[in-house]
Amino acid sequence: GDGANAGNGSNARGSAPETSEVDTETETENENEAGYLADDNPPRPGKIAATDNFKNLQTSSKWFPNAYKPPEQTESPEEEARRKRSEFWTRTRLTFAMFLSFLTVIACGHVYVMLLVIFIKVGMFKEILGLKRDREKDKRIPMFRLLNWLFFFICIYFVYGKILTKHIQVVHLEIPIVGWVTAHHSFKSFMAWCVGFCSFILLLEKGTYRYQFTQFGWTHVTLLMIVVAASAMINNMYDGMVWFFVPVCLVIWNDVYAYVFGRFWGRTPLIKLSPKKTWEGFLGAFVTTVIFGLWCGYLMGQFDYMVCSQEELTLEFFPNLTCERDPNFVPSVPVHIPQWLQSLSALPGIPAARLSRTVYLMPFMWDCMYLSVFASLVAPFGGFFASGFKRAFKIKDFGDLIPGHGGITDRMDCQIIMSVFVAVYRTTFFLHAKGATVAHILSQVDTLTLSDKRELLNRLKAAVV
């Protein structure tokens, strides 16, 4: 009876191609108990040789996900302590190496920081896109994976090109491609997206409709999360490197000290999504981040390179920026020093001039305090969101590019929400109506005809005289 049923099942499967002409062109929405769609081809039952490698079978076939279960290995307390100690030092060394590399790029100039941000977004896009990737179905759809990257670079061109168009025009680069890129930027971006959209429709394959449309939506949601939102970093940077550097440092500091306090003093769990997060680490990082934020804001406010906006696009390494300082970066807020603190001036090695009765601080330090509070209390929820995201896909990390840290997305989960907050805060409470700048006027002058430029020059001479 079983053999007959198996034979009938084989005949039913064998006759499927004969009835394919009357099949509808839509993919069934129901999934059977085995977890595969109706358009997939389930494996036929057959004998498995004793010499088959079940471990390879598990990694290569989705039909036998539990065919091989490696034996559970328990490690001794000494081995566990050795492993954790090794992970701690690996994580520490990589943290210092990444931060020193970050400082080097910051010193090189705004363009190179922008290239670093784009590189990070490429890595994040690749990691998140890979979560929903089905390699077997990708092989059935030629050029489909390339199409996702086309949408990515179109988004990069539109978002970052919009920010940098005025800066490119100011440089007066006599390169034909620069003029072509900046001219009619929005129209070209939309038409390029239309090319990608039409290509997506033409690449639709029967039997993979659901997968392709899921990938289309997944790609655009990912772009909205990491490219459009993170473009706030570039906007912040060109209005003053301090608006980019300080928030990034605050998130890094908070993450490091949440790990340190949680590792040595953590006892009370903070959130179920991240069992290793503790209240002790959360509160300890909050206090130290606020203190660090005030110190970092005071220190960075001493350098013109950090507080001056970059109004021109330059490829020069280590540019020397000078400007008339915004009132927010001029020491003008009086702070009275208590008597007991003034008495410290009697101690050896402490100059009395630094402990006078009244010191003047920059208003920007108040902004740094607010940024520190947000980086400590709200930005970590970006990490909790990523933790829930990883649990939903049953993965430990988004990638393994950075030993001890995971993937790029694992390091940038809090930075995205932080950069958006800085952009909103800066435009709402900090930036004042500045009117037209020299860079903006020059970008408009480039669009004038020769006769109009001569007329403008004559009027400027008359106005100056």
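Up top you'll find the structure we're talking about.
A. Quick peek at the overall build of the protein chain. Within the protein chain, the regular secondary structure consists of 19 helices and four strands. A burial count over the protein chain gives 35% of its 465 residues as buried. Taking all contacts inside the protein chain whose residues are at least 6 apart in sequence as the whole, residues at least 24 apart take part in 75%. By element, 64% of the accessible surface of the protein chain is carried by carbon and sulfur atoms, the whole surface being about 28800 Å².

B. Local environment of the packing of helix α4 (residues 110–130) against helix α10 (residues 231–238). Running from N to C, α4 and α10 point in directions that differ by 170 degrees, and their axes come no closer than 10 Å. Taken as axis vectors, α4 and α10 run roughly antiparallel relative to one another. Where α4 abuts α10, its residues His-110, Val-111, Val-113, Met-114 and Val-117 lie against Met-233, Ile-234, Met-237 and Tyr-238. Looking at the contact of α4 with α10 residue by residue, the classes come out as eight nonpolar, one polar and no charged.

C. Spatial organisation of the state of the cysteines. Following the criterion strictly, the structure yields one disulfide and no others. At a sulfur-sulfur separation of 2.0 Å, the disulfide partner of Cys-308 is Cys-323. Its torsion about the S-S bond being -85 degrees, the disulfide of Cys-308 and Cys-323 is classed as left-handed. One end of the pair, Cys-308, is in the loop between α13 (304–307) and β3 (333–336); the other, Cys-323, is in the loop between α13 and β3, and 15 residues separate them in sequence. By relative accessible area, Cys-308 is classed as buried at 1%. Cys-296 takes part in no disulfide bond, and the closest cysteine sulfur to it belongs to Cys-249, at a distance of 5.0 Å.

D. Local environment of the nonpolar core. Core analysis: the biggest nonpolar cluster contains 74 residues, and Tyr-160, Phe-244 and Met-418 have the highest contact counts within it. Setting aside residues up to four positions removed in sequence, Phe-244 forms contacts with Phe-102, Ile-106, Val-113, Val-117, Met-233 and Met-237.

E. Molecular detail of empty space enclosed by the protein. Tallying each qualifying case throughout the model produces two cavities of 30 Å³ or more. The space that makes up the largest cavity amounts to roughly 50 Å³. Lining the largest cavity are Met-233, Asn-236, Trp-243, Phe-244, Pro-247, Val-248, Gln-415, Met-418 and Ser-419. Its residues assigned to classes, the lining of the largest cavity shows six nonpolar, three polar and no charged. Volume-wise, the second largest cavity comes out at about 40 Å³.

F. Structural context of the pattern of salt bridges. Here the structure, examined in full by the defined rule, presents seven salt bridges. A salt bridge links Asp-239 to Arg-426, with the nearest nitrogen and oxygen atoms 2.6 Å apart. Within this pair, whereas Asp-239 is found in the loop between α10 and α11 (242–265), its partner Arg-426 is found in helix α17 (residues 408–430), the two being separated by 187 residues in sequence. Classification of Asp-239 as partly exposed rests on a relative accessible area of 30%.

G. Structural view of the packing of α11 against helix α15 (residues 364–377). Orientation of α11 relative to α15, taken along the N-to-C sense of each, is 40 degrees, at an axis distance of 9 Å. It follows from the interaxial angle that α11 and α15 lie oblique. With respect to the hand of their crossing, α11 and α15 are arranged in right-handed fashion. From α11, Val-242, Trp-243, Val-246, Pro-247, Leu-250, Val-251 and Asn-254 reach across to α15, where they touch Phe-364, Asp-367, Cys-368, Leu-371, Ser-372, Ala-375 and Ser-376.

H. Spotlight on the packing of aromatic side chains. Overall, the coordinates contain 38 aromatic pairs when judged by the stated rule. When the ring of Trp-149 is compared with that of Phe-152, the centres are 5.5 Å apart and the planes differ by 75 degrees; the resulting orientation is edge-to-face. One end of the pair is Trp-149 and the other is Phe-152, both in helix α6 (residues 144–171) and three residues apart, which spans about a single turn. When its relative accessible area of 0% is taken as the criterion, Phe-152 is described as buried. A ring pair is formed by Trp-218 and Phe-393, whose centres lie 5.7 Å apart and whose planes are at 65 degrees; its orientation type is edge-to-face. Placement of the pair is Trp-218 in helix α9 (residues 209–228) and Phe-393 in the loop between α16 (380–392) and α17, with a sequence separation of 175 residues. According to the relative accessible area criterion, Phe-393 is partly exposed, its value standing at 27%. A connected cluster of aromatic rings, assembled from ring pairs, spans Phe-144, Phe-151, Phe-190, Trp-193, Phe-197, Phe-200, Tyr-211, Phe-213 and Phe-216. The ring of Trp-218 is capped by Lys-132, whose NZ or CZ atom sits 5.9 Å from the centre of that ring.

Criteria and cut-off values
- Residues numbered from 1 in each chain as written.
- Predicted model: local features only at pLDDT ≥ 70, side-chain atom pairs only at ≥ 80, totals over all residues.
- Heavy atoms only, no water.
- Helix = DSSP H or I, 4+ residues; strand = E, 2+ residues; numbered from the N terminus.
- Buried < 20%, exposed > 50% of the residue type's maximum accessible area, 1.4 Å probe, protein only.
- Contact = heavy atoms within 4.5 Å.
- Areas by Shrake-Rupley, 256 points an atom, 1.4 Å probe, with all protein chains shown as cover.
- Axes fitted to C-alpha atoms, helices over the stretch in contact; angles between N-to-C directions.
- Parallel < 35°, antiparallel > 145°, perpendicular 65-115°, else oblique.
- Nonpolar A, V, L, I, M, F, W, Y, C, P; charged D, E, K, R; others polar.
- Disulfide = S-S within 2.5 Å.
- Core = buried A, V, L, I, M, F, W, Y, C linked by side-chain atoms within 4.5 Å.
- 1 Å grid on protein atoms, 1.4 Å probe; cavity = no way out; pocket = protein on both sides within 12 Å on 5 of 7 lines; lining within 4 Å.
- Points joined across faces, edges and corners; volume = space filled by probe spheres on them.
- Salt bridge = Lys/Arg side-chain N within 4 Å of Asp/Glu carboxyl O.
- Left-handed = near helix turned anticlockwise from the far one by under 90°.
- Phe/Tyr/Trp six-rings, centres within 6.5 Å; stacked < 30°, edge-to-face > 60°.
- Lys NZ or Arg CZ within 6 Å of the ring centre and 35° of its normal.

Keep in mind that these numbers describe shape and distance, not what the molecule does.
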